[in-house]
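So you can see what is in the structure, the chains are spelled out below.
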Amino acid sequence: GAVVSQHPSRVICKSGTSVKIECRSLDFQATTMFWYRQFPKQSLMLMATSNEGSKATYEQGVEKDKFLINHASLTLSTLTVTSAHPEDSSFYICSARRLWTANTEAFFGQGTRLTVV
Amino acid sequence: GQQVMQIPQYQHVQEGEDFTTYCNSSTTLSNIQWYKQRPGGHPVFLIQLVKSGEVKKQKRLTFQFGEAKKNSSLHITATQTTDVGTYFCAGAQGGSEKLVFGKGTKLTVNP
């Protein structure tokens, strides 16, 4: 099956610093990637939809200036958590679906465990 | 906005017992997908249902999509310890690439 690679898998950063998370679709092109946040023992909360070559679409309540998304190519989207605080500690997961085929499965990255100290 | 409710939140069974999780959407869906997330892992696609009333089987797993395309269920027959994990349903509305996930059902199996 298709592979989505997410890096890093774990990161610990100091409060006030920024962290960049990469999401790559390795064997298919994705005009759209999705960024989720998952708190312990909870569901996946969609944060934003990343669109190649245009601005991301953020869900209600998600600060666009804090969670910067860049989707510069058809295979790479990045999420930057700016000025991170302990409450930003969470599991962040990206997913991608194949180009031009809406009704297909979402392939998930391995996730990034962010800990802000 | 679109909401997807999933019950139960937790289910603990003895190995060999059956298990069912239910998903209900506030709006009609174009398709519904099911994912499994093992502890410490990421969600992995299980199946997609598109047609009204559709039933699909994968070995001991049976997936159903309601006639109104607003609800779905996943049934596991004779659970095994390898079935442990959290099962999520995710619904999509027509024309939207966005998947809305249910809260998931965490299944634990006692050997």
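Anything mentioned here points back to the structure above.
Residues numbered from 1 in each chain as written. Chains lettered and ligands numbered in written order. Predicted model: local features only at pLDDT ≥ 70, side-chain atom pairs only at ≥ 80, totals over all residues. Heavy atoms only, no water.

Novice: Would you mind going over the interface of chain A and chain B in detail, with residue names and values included?
Specialist: Where interface size is given, it is often the accessible area lost as the parts come together that is meant. At the junction of the two partners, chain A supplies 22 residues and chain B supplies 19 residues. Summing the contributions of chain A and of chain B, the shared interface buries around 1,700 Å²; its carbon and sulfur component is 51%. For the side of chain A that touches chain B, the secondary-structure elements that each account for two or more residues are strand S4 (32-38), strand S5 (44-51) and strand S9 (90-96) of chain A. Tallying contributions element by element places S4(A) first for the side of chain A that touches chain B, with four residues. Counted by class, the side of chain A that touches chain B contains nine nonpolar, nine polar and four charged residues. (Contact = heavy atoms within 4.5 Å. Buried area = accessible area lost by both parts, 1.4 Å probe. Helix = DSSP H or I, 4+ residues; strand = E, 2+ residues; numbered from the N terminus. Nonpolar A, V, L, I, M, F, W, Y, C, P; charged D, E, K, R; others polar.)

Novice: Just give me the short version of the sheet that holds strand S8 (residues 71-76) of chain B, but keep the residues and values in it.
Specialist: Residue and element names in this part refer to chain B. The five strands lie next to each other as S1-S3-S8-S7-S6, forming an open sheet whose pairing is antiparallel. Two strands close off the open sheet at either side, each with one partner strand: strand S1 (4-7) and strand S6 (55-58). Across the sheet, the mean angle from the axis of one strand to that of its neighbour is 15°, orientation sign disregarded. In terms of strand pairing, S1 meets strand S3 (residues 19-25) through four bridges, oriented antiparallel. Each bridged residue has a counterpart across the sheet, and for Ile 7 the counterpart in S3 is Tyr 22. (Pairing = 2+ DSSP bridges. Axes fitted to C-alpha atoms, helices over the stretch in contact; angles between N-to-C directions.)

Novice: Explain the sheet that holds strand S8 (residues 76-81) of chain A to me, and be specific about the residues and the numbers.
Specialist: Residue and element names in this part refer to chain A. Spatial strand order, S1-S3-S8-S7: four strands in an open sheet with antiparallel pairing. Among the strands making up the open sheet, the edge pair consists of strand S1 (4-7) and strand S7 (67-73). In this sheet, neighbouring strand axes are inclined to one another by 15° on average, regardless of whether the strands run parallel or antiparallel.

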